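Here are the chains, one letter per residue:
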Amino acid sequence: MSIWTRIADALTALRKGEPLSSVFDRLRTPPERTVAFTIAVIALGAKLAKADGQVTRGEVAAFRRIFTIPPEDEANAARVFNLARQDVAGFDLYARKIAAMFPQRDPVLVDLMEGLFEVAMADDGFHPQEEAFLREVADIFGLSERCFRSLRARFVGDVPPDPYDVLEVSQDAPIEVIRRAYRDAVRETHPDRLAARGVPAEAVKLAEHRLRDLNRAWEEIQQGRAA
């Protein structure tokens, strides 16, 4: 059974008039958490897409860069997007529902933030209201300012990412400590680790992007220390 079929089943279980946000109360443990992750990215992404006052085709298309959606399952993905966009509940309610499913600063919450940054940058701009939206979500998720700053630099690109922020280590840390942080981060980015956290196989592109950034950060630190 595909993840999109399972999402359709979860939506069917909603009672008449029940908001999409209530689905998270039923999806707390794997494998249901994989469904919750996917719904969360689409739902928060729909709210984010409205943050700057309009939903663009690029923002909708961004989900295709995050998830592999077969043609036969496009209707299910579109239904989630539209339910979230129409829901009167604020985005903070969705964020709190999701945060309640995981420990604070759980890696899966960082995975979610990466997906949201993908959506925010899909229209080739970064609106102040989008930044305010993402900052509040990151705060609800319990993510550090350093983590947010690293994500912002990686996705927005108006300032170069600080490699120490990417690896979340101090600039005066011994190289052995930095190497350990790098290896731990790479290990957490492995597809098997993501699957165990409830990140669906359809979202492996998030891991590919993160691994690229981790490798670049480690190389920059090594080169800087050797200079």
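Here's what I pulled together on the structure shown here. (Residues numbered from 1 in each chain as written. Predicted model: local features only at pLDDT ≥ 70, side-chain atom pairs only at ≥ 80, totals over all residues. Heavy atoms only, no water.)

**Observations regarding the overall build of the chain**
Part 1 of the reasoning: Looking only at helices and strands, the chain features twelve helices and zero strands.
Part 2 of the reasoning: Each helix and strand of the chain, placed in order from N terminus to C terminus, yields the pattern α-α-α-α-α-α-α-α-α-α-α-α.
Part 3 of the reasoning: Taken over 227 residues, the chain has a buried fraction of 52%.
Part 4 of the reasoning: By sequence separation, contacts in the chain at least 24 residues apart represent 74% of the contacts at least 6 residues apart.
Part 5 of the reasoning: For the chain, the computed accessible surface area is about 10900 Å², with 51% contributed by carbon and sulfur atoms. (Helix = DSSP H or I, 4+ residues; strand = E, 2+ residues; numbered from the N terminus. Buried < 20%, exposed > 50% of the residue type's maximum accessible area, 1.4 Å probe, protein only. Contact = heavy atoms within 4.5 Å. Areas by Shrake-Rupley, 256 points an atom, 1.4 Å probe, with all protein chains shown as cover.)

**Remarks on the packing of aromatic side chains**
Part 1 of the reasoning: Considering all chains together, one arrives at five aromatic pairs under this definition.
Part 2 of the reasoning: Here phenylalanine 117 and phenylalanine 126 contribute two aromatic rings whose centre-to-centre distance is 6.1 Å and whose plane-to-plane angle is 25°, an arrangement assigned as stacked. The two residues phenylalanine 117 and phenylalanine 126 agree in class, both being buried.
Part 3 of the reasoning: Summarising the aromatic geometry, the rings of tyrosine 182 and tryptophan 218 are spaced 5.3 Å apart at their centres and angled 15° between planes, so their arrangement reads as stacked. Taken together, the positions of tyrosine 182 in helix H10 (residues 175-189) and tryptophan 218 in helix H12 (residues 204-226) put the pair 36 residues apart, joining distant regions of the chain. (Phe/Tyr/Trp six-rings, centres within 6.5 Å; stacked < 30°, edge-to-face > 60°.)

**Some remarks on unusual backbone geometry**
A negative phi angle characterises most non-glycine residues, just as the trans form characterises most peptide bonds.
Part 1 of the reasoning: For glutamate 168, which is not glycine, the phi dihedral falls at a positive 55°.
Part 2 of the reasoning: Here glutamate 168 shows up in the loop between helix H9 (163-167) and H10.

**Things to note about the nonpolar core**
Soluble globular proteins: nonpolar side chains tend toward being buried together.
Part 1 of the reasoning: Core analysis: the biggest nonpolar cluster contains 58 residues, and Leu20, Met113, Leu134 and Phe141 have the highest contact counts within it.
Part 2 of the reasoning: For this core, the secondary-structure elements that each account for two or more residues are helix H1 (3-12), helix H2 (32-49), helix H4 (74-86), helix H5 (91-99), helix H6 (107-120), helix H7 (128-140) and helix H8 (145-156).
Part 3 of the reasoning: Among the elements that make up this core, the one with the highest residue count is H2 (twelve residues).
Part 4 of the reasoning: Setting aside its immediate chain neighbours within four residues, leucine 20 contacts Leu11, Leu14, Ile39, Ala43, Val80, Leu83, Ala84, Asp87 and Tyr94.
Part 5 of the reasoning: Counting twelve residues, the second largest nonpolar core, distinct from the first, contains Ile178, Tyr182, Ala217 and Ile221. (Core = buried A, V, L, I, M, F, W, Y, C linked by side-chain atoms within 4.5 Å.)

Read these as geometric descriptors, not functional statements.
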